[in-house]
Amino acid sequence: MGNPKIVINETKFKTNVKRAIEICKAKNIDVLAVTKGFCGNRRMAELYAEAGIKNFGDSRLDNFEVYKDIPGHKQLLRIPMISEIPRMIELCDSSLNGDLDVIKKISDYCLKNNKKPHEIVLMVDLGDRREGVLPEDALKSAKLISEMKGVKLIGLGCNFGCYGARIPSDETMKQFVEIQHKIEDELNIKLTHMSGGNSLSLHMVWENRMPEEINVLRMGFAMIFGTEDMYRQTIDGMYRDAFRCEAEVVEVDYKSSMPIGACGIDAFGHVPYFEDIGDIKRIILAIGKLDTMFDAMIPYDDKLKILGGSSDHMIINAQDSDIEYKAGDIVTFALDWGSLLYLFNSSYVIKEFEK
């Protein structure tokens, strides 16, 4: 089919999804599958559904548009822009929110246009410092939302790792459910959607540390890579290699490891650093920073070292490799979150599915 490409093993991916569902179901937790890493690829949403997923989450409405006919609950994970509220109401059943002005706009729109109340998950910032109200403001915010007629407060959410790299703890999760109980007692309501984080929270489930009140986890990373964010070790019964990237060699050469001449800035505005290790065997691949994140690409040939590259080329030190690479050969990579996201987003990268 050509190169470069990201190859998705359907069997391995669905095995990962089913295993995640199994782990969470044992603790009465539903998996809300995060689809944003696939950048609107319909087949990936279909694979989630085939594996038993009933709840879908994404941060971009364009992606929901691609699979809106696939049955299941749809949740917008990024705080909606006011300008996209009408479209969100049509595509999503619920959304994560932390700004009362935005929630008021959602309520007003639903009332004005005779729409059913939109379901709100109020985000609480437990330390990662991305979205959400502070814990001390949660009750007041919940009260104001409960008084709005065009929305329905269905639960609370929290997030870890994505911005501040904070790790969920027993203390933060205890604080989270205490906020739930306080809101329920003070407002005489029942919060049915307690979203206790993302893949970074999964280890708390099998370690029997997740409070029983938590009944939803928003999960993408663990099912994609078969690992949990906390330990980065393969989860029992999952596959680490459900996804891989293949790129083609377009040049093999022997050159000095040091560029010659005065150093300026590179194509991306940085001053590069080079280590002088003499003449080396280098291979150039037809894939670049336009397509992927170099730091999140791991060559299967562990004797290859990515030196850098430009928009369209990746340059690799192949001096120590036992393989005699030549033009036309394929270099295969394992992936991490950043590279997977870029690869799916690049229109120049083929998406190939295998059974």
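Computed from a predicted structure; not experimentally measured.

Caption draft 1: Representation of empty space enclosed by the protein. Evaluation of the coordinates by the stated rule reveals 2 cavities of 30 Å³ or more. Roughly 40 Å³ of internal volume is contained in the largest cavity. The wall of the largest cavity is formed by Met 123, Val 124, Asp 125, Leu 126, Asp 128, Arg 129, Arg 130, Glu 131, Cys 158 and Asn 159. When its residues are assigned to classes, the lining of the largest cavity shows 4 nonpolar, 1 polar and 5 charged. In this structure, the second largest cavity encloses a volume near 40 Å³.

Caption draft 2: Summary view of the pattern of salt bridges. One pass over the full model with this rule turns up 30 salt bridges. Across the pair Glu 50 and Arg 43 runs a salt bridge whose closest N-O atoms are separated by 2.8 Å. One salt-bridge network, held together by shared partners, links Glu 10, Lys 14, Arg 42, Arg 43, Glu 46, Glu 50, Asp 69 and Lys 355.

Caption draft 3: Here's a closer look at the pairing of strand β11 (residues 279-285). Of all 7 residues in β11, 6 are buried, a share of seventy percent or more. Sheet analysis places strand β10 (residues 243-256) next to β11, joined by 7 bridges and oriented antiparallel. Paired with Tyr 254 across the two strands is Lys 281, which belongs to β11. Direction of pairing for β11 relative to strand β14 (residues 314-317): antiparallel, over a ladder of 4 bridges. Bridge pairing in β14 links Ile 283 to Ile 316.

Caption draft 4: Main features of unusual backbone geometry. In this chain, Asn 3 is followed by Pro 4 through a cis amide linkage whose omega measures -5°. With respect to the element layout, Pro 4 can be found in the segment before β1 (5-9). Located in the positive-phi region is Cys 39, a residue other than glycine, with phi close to 55°. Tracing the chain through its elements places Cys 39 in the loop between β2 (30-34) and α2 (42-50).

Caption draft 5: Molecular detail of the environment of Leu 126. Mapped onto the fold, Leu 126 is located in the loop between β6 (118-123) and α6 (138-146). Between the C-alpha atoms of Leu 126 and Arg 166, which are 40 residues apart in sequence, the distance is 9.0 Å. Once residues within four sequence positions are removed from consideration, Leu 126 is found in contact with Pro 135, Cys 158, Phe 160, Thr 172, Gln 175 and Phe 176.

What counts, and where the lines are drawn
Residues numbered from 1 in each chain as written. Predicted model: local features only at pLDDT ≥ 70, side-chain atom pairs only at ≥ 80, totals over all residues. Heavy atoms only, no water. 1 Å grid on protein atoms, 1.4 Å probe; cavity = no way out; pocket = protein on both sides within 12 Å on 5 of 7 lines; lining within 4 Å. Points joined across faces, edges and corners; volume = space filled by probe spheres on them. Nonpolar A, V, L, I, M, F, W, Y, C, P; charged D, E, K, R; others polar. Salt bridge = Lys/Arg side-chain N within 4 Å of Asp/Glu carboxyl O. Buried < 20%, exposed > 50% of the residue type's maximum accessible area, 1.4 Å probe, protein only. Helix = DSSP H or I, 4+ residues; strand = E, 2+ residues; numbered from the N terminus. Pairing = 2+ DSSP bridges. Contact = heavy atoms within 4.5 Å.

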